[in-house]
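Residue-level structural notes
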Amino acid sequence: MIRRASFAVLGTALLWSAPVIAQQQQPIRGFPADALQQETQIETRFRAIPNADSLRTLMRVLSENPHEAGTERSHHVAELILARFKRDGLDAHVEQFQALMPRPISRSLELVSPTRYVAKLEETPVAGDKDSADPYQLPTFNAYSPDGDVTAPLVFVNYGVPDDYKVLDSLGISVKGAIVIAKYGRSWRGIKEKVAAEHGAVGCIIYSDPKDDGYWVDDVYPKGPMRPPQGVQRGSIMDMPTYPGDPLTPGWADVPGARQLKMSEATTLAQIPTLPIGYGDAQPLLAALAGPVAPESWRGALPITYHVGPGPAKVHLAVKFDWKVRPLYDVIARIPGSEAPDQWVIYGNHHDAWVNGANDPLAGQVALDEAARGFGALLKTGWRPKRTIILAAWDGEEWGLLGSTEWAEKHRAELDSNTVAYINSDTNERGWLGVAGSHSLQTFMEQVARDITDPDTKKSVLEAGLEHRSEMRRGRGRSAAPQAATPDTSNRAARATASLDTAFSIGALGSGSDYTAFLDFVGVPSLNASYGGGAHDGIYHSIYDSFDFYTRFMDPTFAYGVAEAQTVGTAVLRLADAPVLPFEFETVARTYRGYAEQIAREAKRDDATKSLDLSNVLQALDRLQQAGERYESAYAPVEHMSDAQLHEHASELAKVNTMLYGTEHALTDAKGLEHREWFKHLIYAPGFYTGYGVKTMPGIREAVEDVPDGAVAQREAGRVAAAIDRMATQVSSAADALAKVTGGGAVGQ
């Protein structure tokens, strides 16, 4: 026994020393070789701070009560977070805004013929989960549904996306004057109401089918992790692809005294009364339908024959709201930079929830808090970041990204000139790292993933993720519940857009969390990063998103909460302290070329767009590729220079760094996208008919895929080409300026 113990100690020493040595030998982009040891020491100290017990304790405290935005309970959570930031030695305050947040006054849904059924519209508490019986729970509803009282025939529309209405047309079925019932999944919920209204429906019901989000996938809660029959997905149906944030103040902050639109002028409010229900309430409605049997791909897992209708089922739907403006409480903490205080690195997560919100959003929020504690511990050692670090706990995300959007609209000019990057988190659970965002930061995030340990395999997060992708490609990997079950949580969106290949890649960002205003409105380089995919769950936006559920099914040991704090915190540290910001542009050119080639193939399939000529876009991408190569040539000597040599050129490097993070803004256009000018980015945006799902090069792509129009697509191609040229010019300028510091050659010069 004594010998075995001694051998174990020696083995542990070897295991700890080998990664440290390996990491010191690995370059960290943006740092010279002689700064690697100090950076590694700082990161090692930081990554030792996040603690599973601290995460568990804080989640229990913050999830103790429902805390939807606009309530004193949300304010209380904000004050708890503020106190913790201050405890960690950070300069922090609450920044208050307001927004239209109507709460339900009354809701009713009844099958009136051929039989009668009154929907319960209540979620059933679960024995042993005290949070599921909390008296302060919000009722089940869809935010920004209009008031309405309608009785009409029922029509089943599958997932309620545009392609489903093409199937209905082929069957000779119209929804004009009808109430539609759609399954959750395949698109964001607001698209279901939007498309139904466009087709003349007078009401919309959205339910979770057990094939996507219930017993077909796994046992239901509390026995298993899936949604029980009365479980309901609350959520906003604001038309966020037009603009997020307060519906009454598009493009400017809703602070006291600000100009507000009349409700009749707000273009993001839903058009027809809409109500979410569980599959327990949906089954009697669907069972009463006749008409054609639904196509096989439309059928769910309820023990009925799925018919489309219309009739003989007729339903009465009535909803009424109070339409009040309510307060928002954003918590902002700041660690001033010692050398470049006017260059900001921002890390944010929202704190509001539809109910108790253990996973969404508190799994991400408690990880941010642990990162804050790590930064506070470093401050006590005398460390100061070179650039300013800003930590944000946003309010009102669930209603439509309210708090982050109002803050970004208020501080737009400062963000545009000062922000190096915005990193977002949201939900978090056991699984694999998912990253989406600005592709100029892909190489940077690959190195971060290389240097974080995966809690399960003890390999690097990078290696674990690549192995998982490879296994999924071969059909042998573990996977979580179908994406349709919870289509609009940010970590799932990131995983959905990441390719299953053997090279590290990040996905493109659409919308769905608080990065939207930073990337799409301001043009700040942005990332969304979180862990997930290792667990089924069917509790999204329900009363069952509780501490008990999370600790049973999502991340019982909080090991992946620790990994999240370590991952995003490490990224923040590197962005804050790198002498040369770790942007890289050859990846950008290759990725964008893939988007253009995909659009070109799609355009050939329709007579209206088959003549689309993307040569101007491809030529601009050639120039961006060349600029990226020139930049790499100028950058190459950085990792072989000394920190002192770089410090001698601090003023020149400050200008280079400003050029680097300004490259994302070059991809924006002040006119915005057609019919939705709030969205300024010409490469990434949520689709007009996908809601959260990304459309890359959206101006061109939507003119090819949604309503084919060759003239519009060609015009948008010119705008995209011009944006890419702006980026190429900016990258070339950065290459020239950096080459004067490093003496690095420039390709082609």
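From a predicted model like this one, the values you see are computed outputs, not experimental measurements.

Before going further, it helps to spend a moment on the overall build of the chain. Per the secondary structure count, the chain includes 24 helices and 18 strands. Taking 27 Å as the expected radius of gyration for a compact globule of 749 residues, we find that the chain reaches 26 Å, a close match to that expectation. Projecting the C-alpha coordinates of the chain onto the three principal axes gives extents of approximately 80 × 70 × 60 Å. In the chain, buried positions account for 63% of the 749 residues. Long-range pairs, those at least 24 residues apart, make up 81% of the contacts in the chain between residues at least 6 apart in sequence. As presented, the chain carries roughly 26400 Å² of accessible surface, and 53% of it is formed by carbon and sulfur atoms.

Turning next to unusual backbone geometry. Among all residues except glycine, the phi angle is most often negative; among peptide bonds, the trans geometry is most common. Along the chain, Gly309 connects to Pro310 via a cis peptide bond; the corresponding omega equals -5°. Phi at Arg186 is positive, roughly 65°, even though this residue is not glycine. Among the secondary structure elements, Arg186 is positioned in the loop between strand E6 (179-183) and helix H6 (189-198). Residue Arg186 is classed as exposed on the basis of its relative accessible area, which comes to 59%. You will see that Lys458, though not glycine, has its phi angle at about 65°, which is positive. With respect to the element layout, Lys458 can be found in the loop between helix H13 (442-450) and helix H14 (461-473).

Relative to the helices and strands, His351 is located in the loop between strand E12 (340-350) and helix H9 (358-380). Judged by relative accessible area, which is 0%, His351 ranks as buried. In this structure the side chain of His351 is engaged in a polar contact, spanning 2.8 Å, whose partner is the backbone oxygen of Tyr329. Not counting the four nearest positions on each side in its chain, His351 is found in contact with His67, Ser74, Val77, Ala78, Ile81, Tyr329, Pro361, Leu362, Gln365, Ala393, Trp394 and Asp395.

Right, let's talk about the confidence of the model for the chain for a bit. Low pLDDT means the predicted coordinates in that region are not meant to be read closely. Residues at a pLDDT of 70 or more form 92% of the chain, whose mean pLDDT is 92. Low pLDDT, under 50, characterises residues 480-500; the stretch is placed with 64 contacts to residues that sit more than four places away or in other chains.

Okay, the sheet that holds E6 next. Strand order in the open sheet formed by 7 strands is E3-E2-E10-E5-E6-E7-E9, with mixed pairing between adjacent strands. Only two strands of the sheet have a single partner each, and these edge strands are strand E3 (117-118) and strand E9 (274-277). Across 8 bridges, the pairing between strand E2 (residues 104-113) and strand E10 (residues 314-321) is antiparallel. Residue pairing for E10: Glu110 is matched across the bridge by His316. Its contacts with the sheet put H6 on E6, strand E7 (203-207) and E9, and the angle it makes with E7 is roughly 150°.

Pairing of side chains with opposite charge becomes possible as their charged atoms draw close. Taken as a whole and assessed by the stated rule, the structure comprises 35 salt bridges. Its salt-bridge partner being Asp322, residue Arg326 comes within 2.6 Å of it at the nearest N-O pair. Here Asp669 makes a salt bridge to Arg719, at a shortest N to O gap of 3.4 Å. With Asp669 in the loop between helix H22 (650-661) and strand E17 (684-686) and Arg719 in helix H24 (residues 710-742), the pair connects residues that are 50 residues apart, well separated along the chain. Owing to a relative accessible area of 17%, Asp669 belongs among the buried residues under this scheme. Connected through shared salt-bridge partners, Glu43, Arg47, Arg450, Asp451 and Arg574 make up one network.

Below, the discussion takes up the pairing of strand E13 (residues 387-394). By the criterion of burial, E13 is predominantly enclosed, with 8 of the 8 residues buried. Relative to E13, strand E11 (residues 325-335) is paired through 5 bridges, and the arrangement is antiparallel. Within E13, the residue paired with Ile332 across the bridge is Ala392. As defined by bridge partners, E12 adjoins E13 across 8 bridges and the pair is classed as parallel. Bridging from a neighbouring strand, Trp344 pairs with Thr388 of E13. Considered for its hand, the β-α-β crossover made up of E12, H9 and E13 is right-handed.

Another aspect to go through is the packing of helix H3 (residues 52-62) against helix H17 (residues 547-554). Relative to each other, H3 and H17 sit at 145°, their axes nearing to 10 Å. Only Phe547, Tyr550 and Thr551 of H17 make contact with H3, whose side of the interface consists of Arg56, Met59 and Arg60. Partitioned by chemical class, the residues of the contact of H3 with H17 number 3 nonpolar, 1 polar and 2 charged.

One pass over the structure, following the stated rule, counts 28 aromatic pairs. Residues Tyr144 and Trp399 carry aromatic rings whose centres are separated by 5.9 Å and whose planes lie at 80° to one another, so their mutual orientation is edge-to-face. Note that Tyr144 is positioned in the loop between strand E4 (142-143) and strand E5 (148-156) and Trp399 in helix H10 (residues 397-400), a separation of 255 residues in sequence. Comparing Tyr144 with Trp399, the two get one shared label, buried. When the centroid spacing of 6.3 Å and the interplanar angle of 75° are considered together, the rings of Tyr221 and Phe553 count as edge-to-face. Residue Tyr221 is located in the loop between helix H7 (210-213) and strand E8 (235-236), and its partner Phe553 is located in helix H17; the two are separated by 332 residues in the primary sequence. Like Tyr221, the residue Phe553 is buried in the burial classification. One aromatic cluster in this structure is built from Phe141, Tyr144, Phe321, Trp323, Trp354 and Trp399. Taking NZ or CZ as reference, Lys194 lies 3.2 Å from the ring centre of Phe688, over its face. For the cation-ring pair, Lys194 lies above Tyr689, with the distance from its terminal atom to the ring centre recorded as 5.3 Å.

The next point concerns the nonpolar core. Among the nonpolar cores identified, the biggest contains 223 residues, and Val617 and Met697 are the most heavily contacted of them. Tallying contributions element by element places H24 first for this core, with 16 residues. Not counting residues up to four positions away in its chain, the partners in contact with Val617 are Ala596, Met697, Ile700, Ala717, Val720, Ala721 and Ile724. Residues Ile28, Ala35, Leu36 and Ala578 belong to the second largest nonpolar core, which totals 5 residues.

Conventions used here
Residues numbered from 1 in each chain as written. Predicted model: local features only at pLDDT ≥ 70, side-chain atom pairs only at ≥ 80, totals over all residues. Heavy atoms only, no water. Helix = DSSP H or I, 4+ residues; strand = E, 2+ residues; numbered from the N terminus. Rg over C-alpha atoms; globule rule 2.2 N^0.38 Å. Buried < 20%, exposed > 50% of the residue type's maximum accessible area, 1.4 Å probe, protein only. Contact = heavy atoms within 4.5 Å. Areas by Shrake-Rupley, 256 points an atom, 1.4 Å probe, with all protein chains shown as cover. Polar contact = N/O pair within 3.5 Å; in protein donor to acceptor, adjacent residues only side chain to side chain. pLDDT = per-residue confidence, 0-100. Pairing = 2+ DSSP bridges. Axes fitted to C-alpha atoms, helices over the stretch in contact; angles between N-to-C directions. Salt bridge = Lys/Arg side-chain N within 4 Å of Asp/Glu carboxyl O. Right-handed = clockwise from strand over helix to strand, strands pointing away. Nonpolar A, V, L, I, M, F, W, Y, C, P; charged D, E, K, R; others polar. Phe/Tyr/Trp six-rings, centres within 6.5 Å; stacked < 30°, edge-to-face > 60°. Lys NZ or Arg CZ within 6 Å of the ring centre and 35° of its normal. Core = buried A, V, L, I, M, F, W, Y, C linked by side-chain atoms within 4.5 Å.

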